[in-house]
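Here is how the chains run, residue by residue.
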Amino acid sequence: MRIRREQPSDRPDVLRVVHEAFEGGPDEPGEVALTRALFDDPGYIPEFSLVAVVSGDVAGCVIGTRGYIGDTPAVGIAPLAVARAHQRRAVGSALMWALIGAAQARHEPALVLLGENAYYERFDFAPASRNGIEAPVASWGQHFQALVLTDDPVAGRFRYAAAFGL
Ligand SMILES: CC(C)(COP(=O)(O)OP(=O)(O)OC[C@H]1O[C@@H](n2cnc3c(N)ncnc32)[C@H](O)[C@@H]1OP(=O)(O)O)[C@@H](O)C(=O)NCCC(=O)NCCS
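From a predicted model like this one, the values you see are computed outputs, not experimental measurements.

Focus: the nonpolar core
Here is step 1: Formed by 32 residues in total, the largest nonpolar core has its most connected members in Phe-144 and Phe-158.
Here is step 2: Those elements giving two or more residues to this core turn out to be helix 1 (11-22), helix 2 (30-39), strand 2 (44-54), strand 3 (57-69), strand 4 (72-82), strand 5 (110-114) and strand 8 (144-148).
Here is step 3: With 5 residues, the single largest contributor to this core is helix 1.
Here is step 4: Discounting residues that sit within four places of it in the chain, Phe-158 has contacts with Gly-67, Tyr-68, Ile-69, Ala-74, Val-75, Gly-76, Val-112, Ile-133, Glu-134, Pro-136 and Phe-144.
Here is step 5: The next biggest cluster of nonpolar side chains, apart from the first, holds 21 residues, and it includes Leu-80, Val-91, Ala-103 and Leu-111.

Below is the structure:
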């Protein structure tokens, strides 16, 4: 497996992987439209849009976009997606560790996401409220999680990139 930055030519494959990972009914999952919108969002950060390539095929992807905790820049992660045939083979973990490493290298103070606690705690994410970081939607509760990478205080309400429509 190789983790690398997403290239514009990967985008059809990225959309396919997101579709496959999130599909649950006849309609296109909302995450596909979100991903398309993120590619055009001013908050899109190419260094934080990664793909996992297995035997020449895009098997997974993760996107981190510019958001803000109060006035402090931070990274909002979504989507993280792994094609069904490649799930449970550490592709998601490799993408997450690569993104966390890239964020540390760029001195990003924090990463946030909405997701299952049981999955993201392995990357040291914890409910954001424990760090005084508020979800944009209160009902997300403990599923809104943060990984704080700085010793400086970061607290306040998180604002996602415009494409999230929140
Ligand atoms: C969630 C997802 C990204 C994980 O990717 P992956 O490559 O399959 O994960 P990894 O191989 O790195 O890790 C596998 C572990 O994660 C666990 N896991 C996978 N999905 C999980 C979930 N939704 N909740 C809790 N644990 C989960 C597996 O049980 C497995 O645990 P184990 O290591 O104890 O056996 C992938 O399953 C996926 O794309 N799912 C559909 C889309 C989605 O839910 N995206 C995340 C949005 S929050």
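Some thoughts on the layout of surface pockets
Here is step 1: Roughly 860 Å³ of internal volume is contained in the largest pocket.
Here is step 2: If you go around the largest pocket, you meet 30 residues; those closest to its centre are Phe-22, Leu-80, Ala-81, Tyr-119 and Tyr-120.
Here is step 3: The set of elements that each furnish at least two residues to the lining of the largest pocket consists of helix 1, helix 2, strand 4, helix 3 (91-105), strand 5 and helix 4 (117-120).

Points about the site of the ligand
Here is step 1: Looking at the ligand, there are 19 residues lining it, with Val-82, Arg-88, Ala-90, Gly-92 and Ser-93 nearest.
Here is step 2: In the model, an oxygen atom of the ligand is placed 3.2 Å from a nitrogen or oxygen of the Arg-89 main chain.
Here is step 3: Looking at the shell around the ligand, the elements that each hand over two or more residues are helix 1, strand 4, helix 3 and helix 4.

Points about the pairing of strand 8
In summary, the side chains of a regular strand alternate between the two faces of the sheet.
Here is step 1: Most of strand 8 sits out of view: 4 of its 5 residues are buried.
Here is step 2: Here strand 5 pairs with strand 8 via 5 bridges, running antiparallel. Residue pairing across strands places Leu-111 opposite Leu-147, the latter belonging to strand 8.
Here is step 3: When strand 6 (residues 126-127) meets strand 8, the two strands line up antiparallel, connected through 2 bridges. For Ala-126, the partnering residue across the bridge sits in strand 8 and is Ala-146.

A closer look at the UniProt feature "domain: N-acetyltransferase" (unreviewed entry) in the chain
Here is step 1: Mapped onto this numbering, the UniProt entry annotates "domain: N-acetyltransferase" (unreviewed entry) at residues 1-154.
Here is step 2: Helix and strand shares over residues 1-154 are 27% and 34% respectively, and the end C-alpha atoms of the span are 35 Å apart.

Section: unusual backbone geometry
Here is step 1: In this model, Ala-78 is joined to Pro-79 through a cis peptide bond whose omega is -5°.
Here is step 2: Relative to the elements of secondary structure, Pro-79 occurs in strand 4.
Here is step 3: You will see that Ser-55, though not glycine, has its phi angle at about 50°, which is positive.
Here is step 4: Here Ser-55 lies in the loop between strand 2 and strand 3.
Here is step 5: Relative accessible area serves as the criterion here: at 75%, Ser-55 is assigned to the exposed category.
Here is step 6: Even without being a glycine, Arg-88 presents a positive backbone phi close to 65°.
Here is step 7: Inspection of the secondary structure assignment puts Arg-88 in the loop between strand 4 and helix 3.

Comments concerning the pattern of salt bridges
Here is step 1: Overall, the coordinates contain 8 salt bridges when judged by the stated rule.
Here is step 2: The residue Asp-10 makes a salt bridge to Arg-4 at a minimum N-O spacing of 2.7 Å.
Here is step 3: One salt bridge in this structure joins Glu-47 and Arg-106, with 3.4 Å as the shortest N-O distance. Of the two residues, Glu-47 is situated in strand 2 and Arg-106 in the loop between helix 3 and strand 5; the sequence distance between them amounts to 59 residues.
Here is step 4: Residue classification places Glu-47 among the partly exposed residues on the basis of a relative accessible area of 29%.
Here is step 5: Taken together, the shared-partner salt bridges connect Asp-13, Arg-16 and Glu-20 into one network.

The rules we used
- Residues numbered from 1 in each chain as written.
- Predicted model: local features only at pLDDT ≥ 70, side-chain atom pairs only at ≥ 80, totals over all residues.
- Heavy atoms only, no water.
- Core = buried A, V, L, I, M, F, W, Y, C linked by side-chain atoms within 4.5 Å.
- Buried < 20%, exposed > 50% of the residue type's maximum accessible area, 1.4 Å probe, protein only.
- Helix = DSSP H or I, 4+ residues; strand = E, 2+ residues; numbered from the N terminus.
- Contact = heavy atoms within 4.5 Å.
- 1 Å grid on protein atoms, 1.4 Å probe; cavity = no way out; pocket = protein on both sides within 12 Å on 5 of 7 lines; lining within 4 Å.
- Points joined across faces, edges and corners; volume = space filled by probe spheres on them.
- Near = heavy atom within 4 Å.
- Polar contact = N/O pair within 3.5 Å; in protein donor to acceptor, adjacent residues only side chain to side chain.
- Pairing = 2+ DSSP bridges.
- UniProt positions renumbered as here; feature names shortened; annotations may be inferred.
- Salt bridge = Lys/Arg side-chain N within 4 Å of Asp/Glu carboxyl O.

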